[in-house]
Amino acid sequence: MAGRLPKEIPYKQYRKIGTLLQDFREYILKPPENRFELLIRCAGQLFLFTEALMSDAAQVAELLDVLRLLRESSGPGVVAAEKTAMERLIWLASECARFLAEEKGKRATSATEAAPDVAQDVGPTAAVLALLVAFARDTLAFKRAHDSFGGERRSLAFELLGAASVALDLSDVAALARVTLKGKKTGRDVLGALLFLEAYYSHNDERVSDEMMDELLAFAEQTDSRSLAVGALNVLVETNCISDLQALSRIDDWKDAHRYGRT
């Protein structure tokens, strides 16, 4: 019939994570014409398998291998798919860490002597979280030429580690975040470092040192980005180092000093 619209071609709704990962890998290695849409679809549907992946370290290891392959690639859909996949990993890490922290709490109330560290747990969820943390650490160190996504990638890695810090001792990452703040005053990786510090200090008994507090206040004063200044001050507000009113006063001072600063 004249004027009839063609039928929309439906995309695959995955029922098995193994099939998704197989297709994901193939779309990276053998790019089809509609690669952008297919990569995004694979990355987005990872969310459907969060519960299953929490107890399947072998499948998570395979997933991370696919994502390493993705970040080494280029072309349509690669950056968008990597960003989406990293966001799904952050959620997976958050769910794993929450589960492990709850389990540790249950053991602490039921046993006479609780396990000293969730990280020593040998259960499947702990193994999955360990894989995710190792991947995030590797991501922070990853470099490639002409990498426009590098800062965003490192920011997402910091966020993943912040989610994992609910259940693990990641004090060495806190030190790395401090180095990041000292080395830069702007950038997506700086935002990630601030988000990590907020999560880390909010979920651990370790208190913000006077030196750390001075560093955050100095960063908030010197950065040209208002959002990063707010982020630095928010770490101190969330850890009860300064009040909301003190943070607002410092932002007013920042506005006066950086009238033409970035938002």
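Remember, it's a predicted structure, so these values are computed and weren't measured experimentally. (Residues numbered from 1 in each chain as written. Predicted model: local features only at pLDDT ≥ 70, side-chain atom pairs only at ≥ 80, totals over all residues. Heavy atoms only, no water.)

## Here's the deal with the side chain of T84
Note the threshold: Elements are defined by DSSP. Helices are runs of H or I of four residues or more, strands are runs of E of two residues or more, and each kind is numbered from the N terminus. Type-normalised accessible area, obtained with a 1.4 Å probe on protein chains alone, sets the label of each residue: buried when under 20%, exposed when over 50%, and partly exposed for intermediate values.
Looking at where T84 falls in the secondary structure, it is placed in helix 5 (residues 78–110). A residue is classified by how much of its surface remains accessible, and T84, at 14% relative accessible area, is buried.

## Here we look at the nonpolar core
Rules: Definition of nonpolar core: a set of buried residues of the types Ala, Val, Leu, Ile, Met, Phe, Trp, Tyr and Cys, connected through side-chain atoms within 4.5 Å. Residue contacts follow a heavy-atom distance rule, with two residues in contact if any of their heavy atoms lie within 4.5 Å.
One finds F24, L129, F196 and L197 to be the most contacted residues of the largest nonpolar core, which totals 79 residues. Ranked by the residues each element gives to this core, the list is headed by helix 5, at 11 residues. Setting aside chain neighbours within four positions, we find F24 in contact with L39, C42, A43, V66, L67 and L70.

## Quick word on a nonpolar patch on the surface
Formally: Patch criteria: residues need more than 30% relative accessible area and no salt bridge. Like-charged residues are merged within 9 Å; nonpolar side chains of Val, Leu, Ile, Met, Phe, Trp and Tyr are merged within 5 Å. Areas reported as accessible are Shrake-Rupley estimates using a 1.4 Å probe. Residue values count occlusion only from the protein chains shown. Note on definitions: salt bridges are taken to be side-chain nitrogens of Lys or Arg within 4 Å of carboxyl oxygens of Asp or Glu.
Side chains of F47, L48 and W91 sit close together on the surface and give an oily, nonpolar patch of about 320 Å² of accessible area. Locating W91 in the fold gives a position in helix 5. Here W91 falls in the partly exposed class, since its relative accessible area comes to 40%.

## Some details on the confidence of the model for the protein
Note the threshold: Each residue gets a pLDDT score, which is the predictor's confidence in that residue and runs from 0 to 100.
Averaged over all residues, the pLDDT of the protein equals 88, while 89% of them reach at least 70. Segment residues 5–9 is flagged for pLDDT under 50; beyond a separation of four residues in sequence, or across chains, it makes zero contacts in the model. Here residues 112–120 is a poorly scored stretch, pLDDT under 50, and it has 10 contacts once near neighbours within four places are set aside; other chains count.

## Some details on the pattern of salt bridges
Oppositely charged side chains are able to pair whenever their charged atoms sit close together. Counted by the stated rule, this structure contains 14 salt bridges. Taken together, the shared-partner salt bridges connect D65, R68, R71 and D138 into one network.

## As for the environment of E152
Along the chain, the position of E152 falls in helix 7 (residues 150–164). Of the residues examined, E152 reaches a relative accessible area of 14% and is grouped as buried. Along the sequence, E152 and L191 sit 39 residues apart, while their C-alpha atoms lie 9.1 Å from each other. For E152, the contacting residues outside a window of four places in its chain are K83 and R188.

## Observations concerning helix 11 (residues 226–238)
Cut-off, in case you're wondering: Each helix should span, by expectation, one fewer than its residue count multiplied by 1.5 Å.
Given a rise of 1.5 Å per residue, 13 residues ought to cover 18 Å, and the 18 Å separating the end C-alpha atoms of helix 11 matches this to within 8%. Taken as a whole, helix 11 has its buried residues at L228, A229, G231, A232, L233, V235, L236 and V237. Buried-residue contacts for helix 11 involve helix 9 (188–203), helix 10 (210–222) and helix 12 (244–257). Following helix 11 by one or two positions, N240 has its phi on the positive side, about 60 degrees.

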